[in-house]
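Next come the chains, spelled out residue by residue.
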Amino acid sequence: MKYTNIPLAQNVVAHCKTYGIRHVVISPGSRNAPLTIGFTHDPYFKCYSIVDERCAAFFAMGIAQQISEPVVLVCTSGSALLNYYPAISEAFFSRIPLIVISADRPEHLIGIGDGQTIYQKNVFDNHIFYSANLRSEDGKGAVSFNSQEIEMAMNESIRCSGPVHMNVPLSEPLYGMTDQVLIGPIQKKHELAENHSDDDQVMRFKELWKETDRKMVLIGVLKPDSLSPTILRFLAEDPSVIVFTETTSNVHNEYFFPSIDKIIAPLDENAFIELQPRLLITLGGMIISKKIKRFLRTYQPEEHWHIGPFDANDTFFRLTQAVKTDADHFLSAVFKNLGISKNSDYRTPWLRLKAERAIRHDMYMREIPYSDLMVFDRLLRYLDKELLLQLSNSSTIRYAQLFDWDPLVQMYCNRGTSGIDGSTSTAIGAACVNPQKPSLLITGDLSFFYDSNALWNNYIPKDFKILLINNEGGGIFRILPGHKNTDNFDRFFETRHGLTARYLCKMYNFKYFEVHNDNQLDDQLELFFNHSGQPALIEIITPARTNDGVLLNYFEFMK
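Definitions and limits used
Residues numbered from 1 in each chain as written. Predicted model: local features only at pLDDT ≥ 70, side-chain atom pairs only at ≥ 80, totals over all residues. Heavy atoms only, no water. Helix = DSSP H or I, 4+ residues; strand = E, 2+ residues; numbered from the N terminus. Buried < 20%, exposed > 50% of the residue type's maximum accessible area, 1.4 Å probe, protein only. Lys, Arg positive; Asp, Glu negative; His and termini not counted. Salt bridge = Lys/Arg side-chain N within 4 Å of Asp/Glu carboxyl O. Contact = heavy atoms within 4.5 Å. Phe/Tyr/Trp six-rings, centres within 6.5 Å; stacked < 30°, edge-to-face > 60°. Core = buried A, V, L, I, M, F, W, Y, C linked by side-chain atoms within 4.5 Å. Pairing = 2+ DSSP bridges. Right-handed = clockwise from strand over helix to strand, strands pointing away. Axes fitted to C-alpha atoms, helices over the stretch in contact; angles between N-to-C directions. Expected span 1.5 Å × (residues − 1).

> Residue-level account of the side chain of Lys206, with values.
As for its placement among the helices and strands, Lys206 is situated in helix H7 (residues 199-211). Although buried, Lys206 forms no salt bridge, and the nearest oppositely charged side chain, Glu207, lies 7.3 Å from it. For Lys206, the residues in contact, after removing those within four places along its chain, are Ala333, Val334, Lys336, Asn337 and Leu338.

> Outline the packing of aromatic side chains, supporting the account with residue identities and numerical values.
Counting across every chain of the model gives 26 aromatic pairs. The interplanar angle of 80 degrees and the centroid separation of 5.1 Å between the aromatic rings of Tyr48 and Tyr459 together place this pair among those described as edge-to-face. Residue Tyr48 is found in strand S3 (residues 46-49), and its partner Tyr459 is found in the loop between helix H17 (445-450) and strand S17 (465-470); the two are separated by 411 residues along the sequence. Accessibility expressed as a relative area gives 4% for Tyr48, which makes it buried. Assessed through its relative accessible area of 23%, Tyr459 is described here as partly exposed.

> Just give me the short version of the pattern of salt bridges, but keep the residues and values in it.
Scanning all chains against the criterion turns up 15 salt bridges. A salt bridge links Asp213 to Arg278, with the nearest nitrogen and oxygen atoms 2.6 Å apart. In this pair, Asp213 sits in the loop between H7 and strand S9 (215-219) while Arg278 sits in the loop between helix H10 (269-275) and strand S11 (279-283), placing the two residues 65 residues apart along the sequence. Glu514 is paired through a salt bridge with Arg502; the nearest N and O atoms lie 2.5 Å apart. On the criterion of sequence distance, the pair formed by Glu514 in strand S18 (residues 511-515) and Arg502 in helix H19 (residues 502-508) is long-range, its members being 12 residues apart. It is possible to trace a salt-bridge network through shared partners that takes in Arg95, Asp311 and Lys324.

> How would you summarise the nonpolar core if you had to cite specific residues and measurements?
Nonpolar side chains tend toward joint burial in soluble globular proteins. Core analysis: the biggest nonpolar cluster contains 46 residues, and Val25, Leu73, Tyr84, Leu98, Phe448, Phe464 and Leu537 have the highest contact counts within it. Here the element with the most residues in this core is helix H3 (residues 53-67); it accounts for nine residues. When near neighbours in sequence (up to four residues on either side) are disregarded, Leu73 contacts Val25, Ala56, Ala57, Ala60, Tyr84, Leu98, Ile99, Val100 and Ile101. Formed by 42 residues, the second largest nonpolar core is a distinct cluster that contains Met365, Ile368, Leu389 and Phe528.

> Tell me about the pairing of strand S10 (residues 241-245), and name the residues and values.
Strand residues, when the strand is regular, have side chains that alternate between the two faces of the sheet. Where burial is concerned, most of S10 is hidden: five out of the five residues are buried. Neither face of S10 is open: one carries Val241, Val243 and Thr245, the other Ile242 and Phe244, and all of them are buried. Here S9 runs beside S10; their pairing, made up of five bridges, is parallel. Considered in S10, the bridge of Lys215 is made with Val241. Handedness of the S9-helix H8 (residues 229-237)-S10 crossover: right-handed.

> Can you tell me about helix H2 (residues 33-40), naming the residues and giving the values?
The buried fraction of H2 amounts to six of the eight residues, a majority that puts the element mostly inside the structure. When H2 is considered as a whole, its buried residues turn out to be Ala33, Pro34, Leu35, Ile37, Gly38 and Phe39.

> Summarise the sheet that holds strand S14 (residues 387-391); cite the residues concerned and give the values.
One open sheet holds the six strands; their spatial order is S15-S14-S16-S17-S19-S18, and the pairing between them is parallel. Pairing within the sheet leaves two strands with one partner each, and these edge strands are strand S15 (409-413) and S18. Across the sheet, the axes of successive neighbouring strands diverge by a mean angle of 20 degrees, strand direction being ignored. Across five bridges, S18 lies against strand S19 (residues 536-541) in parallel orientation. What sits directly across from Lys511, in S19, is Ala536. Strands in contact with helix H16 (residues 423-432) are S14, strand S16 (439-444) and S17; relative to S14, the strand with the most contacts, it is inclined by about 160 degrees. Sheet contacts for helix H20 (residues 518-530): S16, S17, S18 and S19; angle to S18, the most-contacted strand, approximately 165 degrees.

> For helix H1 (residues 7-18), give the residues involved together with the corresponding values.
Helix length check: H1 (12 residues) gives 16 Å between terminal C-alpha atoms against 16 Å at 1.5 Å per residue, within 8%. Listed in full, the buried residues belonging to H1 are Leu8, Ala9, Gln10, Asn11, Val12, Val13, His15 and Cys16. Immediately beyond the C-terminal end of H1, within one or two residues, lies Gly20, with a positive phi of roughly 75 degrees.

> Can you lay out unusual backbone geometry for me, pointing to particular residues and giving the numbers?
Cis geometry marks the peptide bond from Glu172 to Pro173, where omega comes out at 0 degrees. Within the secondary structure, Pro173 is located in the loop between strand S7 (163-169) and strand S8 (177-178).

In structure tokens:
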């Protein structure tokens, strides 16, 4: 087998192999040639070549999102590295493991005006779990130091489930190869994630649970099957518990409350007081609903416990206890031999309200004109149950929150930073390592065009599909306070445009479907979902100046 003849690069590649990291996303360059040689000449690694570094990083994140293991990113020196930053920040807040390996010039060539050179050390300082700044090979001591730094980076990515950065200075010549291994054997030094729960926390929570008659469980971003059926059944059978689930929680039960905004948006002050919990338990990651945030910040619980393996966010300014451990494990210990809880009828009236809201939701959907909201309503009729669904941010995820999705549809969205950048790249990366399920991305026009280089990708599965809702601008800004229908608003807030995806699909060999009105919608959706053998995109062009009124009137109708 061929190796790079630069020991430092050999060392980095060998560590990745020893730690069982298989997926490597490489962007072309010269300074990273030793790393590229090392990864691509070893059949152990699955290597991908993606030119645009921003797309490459989100693509890698999509892979890591699905396999729950670190994915390696490799780039050349200079501004290439900076293009990783949007995905790095998303991975940092979403707790997705990435190992960023950047090639660099040796230290004596930094800051002297050499080409393709920036200050790469600690460049991700505020959004990274570990930065390893390696040294050029100058003897046995440097090799030892580099090994320790590489081990630290590997372990931190695994322990923290997040991004780490290794900056690798490499001297010319860069393209030399050898048949010889130039480094010593490497042993994996794996540090297990810390578990901060203890028997005292279990007992305290057990007593608190039994004594409290108004308990609210709010579940944010979670991977499918994160909570066992036993835990879900226990929560469902307790009448003192209201469980609010977000679309991205991948949690379903007939006694739970999805579509949070549909439930609470029409409430008045008296109803909010009735809903106010005494104990709030949060599980999972980021919370999407602004309305639930506003409610819980105004009508605060007496106690707020967050249970999960990572650091807790004090989202509602009332955090009293953070249990840093697996939620399913902790709750299993709490609910074991729990005994009788305090009598409560906290949930019953809200279940009745949920049923009423569902009836009014269906009534409204039968009345609305052709719009974004109608598209989501019709879409649900065509989705395969076994589906990997990726949602872009802004209006797309917020529309999705208003509907009840099939429990077999797995839902993902980049909610760490909630940016519109990278949704398409993430979806394609996720689809590449999940061939057993058809993949669909639902996206808005600004998010899609922003990340259009995502389609410049040789790894798109043939069954990958994109549903693009094109309302010719940033439609979400029309539902926010401010002056609308002015030249200033159209240009600087909504950013109106006349673009379509037709020629992008032609260039990247996507089958293209197009919808302009209600009469075309069902026929084209059926053709789109039945199409096979080629990636496909359906562009549904909706009226920009209708959508905001339809959505705002929806919440009025819910009252």
